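Coordinate inspection notes
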Amino acid sequence: MIFQPEIETMGREEMRALQLQRLQQTVRYVYERVPLYRERLDALKVRPEDIRSLDDVRRLPFTTKEDFRANYPYGLFAVPMKDIVRIHASSGTTGQPTVVGYTEQDIDMWATCVARLCAAGGATREDIAQISFGYGLFTGALGLHFGLAKLGAAVVPISSGNTERQIQLMADFGSTVLVATPSYALYMAEVAERMGMMDKIQLRVGLFGAEGSTEEMRAELERRWGIVATENYGMSELIGPGVSGDCTEKCGMHINEDYFYCEVVDPATGEPVPEGEWGELVVTPLMKQALPLLRYRTHDITRLLPGPCKCGRTTTRMQKIAGRTDDMLIIRGVNVFPSQIEGVLIGMEGIGPHYEIVVTKKGYMDQIEVKVELVDAGLLNSYGELEALTRRIHDRLKVVLQIDAKVTLVSPNTLKRFEGKAKRVTDLR
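Quick caveat: nothing in here was measured; it's all calculated off a predicted structure.

1. Some remarks on the pattern of salt bridges
Enumeration over the complete set of coordinates arrives at 25 salt bridges. Notably, a salt bridge pairs Asp108 with Lys150, separated by 2.7 Å at the nearest N-O pair. Within this pair, whereas Asp108 is found in helix α5 (residues 104–120), its partner Lys150 is found in helix α6 (residues 139–151), the two being separated by 42 residues in sequence. Classification of Asp108 by relative accessible area gives partly exposed; the value is 44%.

Spelled out as structure tokens, the structure:
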């Protein structure tokens, strides 16, 4: 099923003409409404009327996550707060949220983008979709919720956690679509098998996202659940989920090109790479009202795949994300930065400044452990004090990271020292 054939099967020249028109409108819009962009465009001696072709996008300045932090919370908004109908946020490296806003038109556009990707992934208005993302400031759950509702599917907003109840309701409600992180979906499969419920479950489609996954994990999801598993891509700064997504051919994620202009650049130089080569994804949203952006650097590594797809869509596809250019970890769909952890640990009484972050997998679930050195080795002999300090560190980390991290206290001078740049993360996944 193609949700909007007039857009998703549009001819390439027609699509590029539409993108140019919307890019020109976006540059004019941000120049008039967002002080940051007016200053940067003036500094580059670029006026909105100078954008005459899509190649002229290279004349525009990049936007980074640092710009969000410097303009926290609403400094990048292009409309007054009376026009904002939704606010979401994600964690930054210091624990300060990256705040994003939406007008009513933005919400409708977002739902349209997600509806297209859900349809491409195999969902229909006949489905019952169980959303097992956590609801809240995270854009994933409500993004998929509104998109599936626009498609016409029945939505079960169960959120994450309480897995046995999830499985029981999945069987009772006859859920046919599962929305979750890939790792949680695999854990749910283990629980369903342990409960002896697999033969009572009617799932046929999985719409997964919010964390990276391999083709091997996709195959395992399909084998365990007996479903077609697809992946979708987005981030809160751009809109949330809805930038791109797999179709059932699973040969690259179709980009909603009428709403997002995508480039791939050399992460070191910022210069474009030849078509089809790997580099950093840079995205310019083309129709956002509340939070328009120019050339947002995602730090995600991918490549663009031109040409029509067997599914009939003509939109450019992007390869599954291969990694990131920065040090962000994604743990169970949550962005975690080492500097967030360091901000919690440094200066806490009883512990030193040296720490190590160990990331592993237990079954299919990502696990994070934070090893911290004690200042006084004698504390190891006092179980009560040791337990209290461990709990205090754990609770502070949970407030900042929004996930549970195992805390291990070790003797003084046992963690590795570094003469150059410290390598704080040991990723064993």
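2. Notes on the domain arrangement of the protein
By domain assignment, the protein separates into domain 1 (1–324) and domain 2 (329–427). Of the residues lining the interface, 17 residues belong to domain 1; the matching set on domain 2 comes to 11 residues. Carbon and sulfur atoms make up 61% of the surface buried where domain 1 meets domain 2, a total of about 1200 Å² over both sides. The interface formed by domain 1 and domain 2 includes 0 salt bridges. Taken together, domain 1 and domain 2 are joined by 0 residue pairs in polar contact (both at pLDDT 80 or more). Sorting the residues of the side of domain 1 that touches domain 2 by element identifies α8 (182–195) and α9 (215–225) as the ones contributing at least two each. Top contributing element to the side of domain 1 that touches domain 2 by residue count: α8, with 5 residues. In terms of residue class, the side of domain 1 that touches domain 2 is made up of 6 nonpolar, 7 polar and 4 charged.

About the cut-offs
Residues numbered from 1 in each chain as written. Predicted model: local features only at pLDDT ≥ 70, side-chain atom pairs only at ≥ 80, totals over all residues. Heavy atoms only, no water. Salt bridge = Lys/Arg side-chain N within 4 Å of Asp/Glu carboxyl O. Helix = DSSP H or I, 4+ residues; strand = E, 2+ residues; numbered from the N terminus. Buried < 20%, exposed > 50% of the residue type's maximum accessible area, 1.4 Å probe, protein only. Domains from an automatic or database assignment. Contact = heavy atoms within 4.5 Å. Buried area = accessible area lost by both parts, 1.4 Å probe. Polar contact = N/O pair within 3.5 Å; in protein donor to acceptor, adjacent residues only side chain to side chain. Nonpolar A, V, L, I, M, F, W, Y, C, P; charged D, E, K, R; others polar.

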